[in-house]
Amino acid sequence: MVERETIIIGNKEFQFGQIPVFEKSALFLKIQRVITAGLGNVDKNAKLDGIGIFAAILPNITERELDDIIVPMLAKAQLVSVTDDRKIDSKMAINLCFNDMDDFFEVASEVGKA
């Protein structure tokens, strides 16, 4: 059985499982260009947490990356909003569960680094 993690972001509780290593690696290879471009502008001595990393790469994320990488990553992790009793595996589910973009990217960051 896959162990699930629980996080609380904003005023909502979320649960997700770890993505198998090969699938996670494939997703990160797809976003390598975005990560490299975003982190290339960060001070080399800066210590970034998940939010800092997402803030650095956010200007380089397009709708294509959301469709091809972020949404599939959340689906593969079987992300669930416990508060909303909803599986988050589509754009529609994202719209129904998040009112705040910062909360969305914080959750995505936590899923990505798990």
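Up top you'll find the structure we're talking about.
This write-up is about the structure you can find in this document. (Residues numbered from 1 in each chain as written. Predicted model: local features only at pLDDT ≥ 70, side-chain atom pairs only at ≥ 80, totals over all residues. Heavy atoms only, no water.)

As a further point, take helix α6 (residues 101–113). Side chains that are three or four residues apart share a direction in an α-helix, a result of its 3.6 residues per turn. The terminal C-alpha atoms of α6 lie 18 Å apart, and with 13 residues this matches the ideal 18 Å at 1.5 Å per residue to within 8%. Those residues of α6 that fall on the buried side of the exposure criterion are Phe104, Phe105, Val107, Ala108, Ser109, Val111 and Gly112. Of the residues that open α6, the one with a side-chain oxygen 2.9 Å from the backbone nitrogen of Asp102 is Asp100. (Helix = DSSP H or I, 4+ residues; strand = E, 2+ residues; numbered from the N terminus. Expected span 1.5 Å × (residues − 1). Buried < 20%, exposed > 50% of the residue type's maximum accessible area, 1.4 Å probe, protein only. Polar contact = N/O pair within 3.5 Å; in protein donor to acceptor, adjacent residues only side chain to side chain.)

As a further point, take the packing of aromatic side chains. Scanning the model with the defined rule gives three aromatic pairs in all. When the centroid spacing of 5.4 Å and the interplanar angle of 5° are considered together, the rings of Phe14 and Phe98 count as stacked. Here Phe98 lies in the loop between α5 (91–97) and α6 and Phe14 lies in strand β2 (residues 12–17), a separation of 84 residues in the sequence. Residue Phe14 shares its accessibility class with Phe98, and that shared class is buried. On the numbers, 5.4 Å between centres and 75° between planes, the contact of Phe98 with Phe104 is edge-to-face. Here Phe104 falls in the buried class, since its relative accessible area comes to 8%. Taken together, Phe14, Phe98, Phe104 and Phe105 form an aromatic cluster joined through their ring pairs. (Phe/Tyr/Trp six-rings, centres within 6.5 Å; stacked < 30°, edge-to-face > 60°.)

Further remarks concern the sheet that holds strand β3 (residues 80–81). Within a sheet, adjacent strands bond to each other through the backbone by hydrogen bonds, running parallel or antiparallel. The four strands are arranged β1-β2-β3-β4 in an open sheet whose pairing can be described as antiparallel. Either end of the sheet is taken by a strand with one partner, and the two such strands are β1 (4–9) and β4 (86–87). Relative to β4, β3 is paired through two bridges, and the arrangement is antiparallel. Paired with Ser81 across the two strands is Arg86, which belongs to β4. Packing of α6 onto the sheet brings it into contact with β1 and β2, and relative to β1 it is tilted by some 155°. (Pairing = 2+ DSSP bridges. Contact = heavy atoms within 4.5 Å. Axes fitted to C-alpha atoms, helices over the stretch in contact; angles between N-to-C directions.)

Judged by nonpolar contacts, the single largest core of 27 residues is most densely connected at Phe14, Leu74, Leu79, Ile88, Phe98, Val107 and Val111. Among the elements of the structure, β1, β2, α4 (63–76), α5 and α6 are those that each provide at least two residues to this core. Setting aside residues up to four positions removed in sequence, Val111 forms contacts with Phe16, Ile19, Lys24, Met73, Leu74, Ala77 and Leu79. (Core = buried A, V, L, I, M, F, W, Y, C linked by side-chain atoms within 4.5 Å.)

Between its terminal C-alpha atoms α4 stretches 19 Å, which fits the 20 Å expected from 14 residues at 1.5 Å a residue. Of the residues making up α4, those classed as buried are Glu65, Ile69, Ile70, Val71, Met73 and Leu74. Gln78 lies just past α4 and shows a positive phi near 55°.

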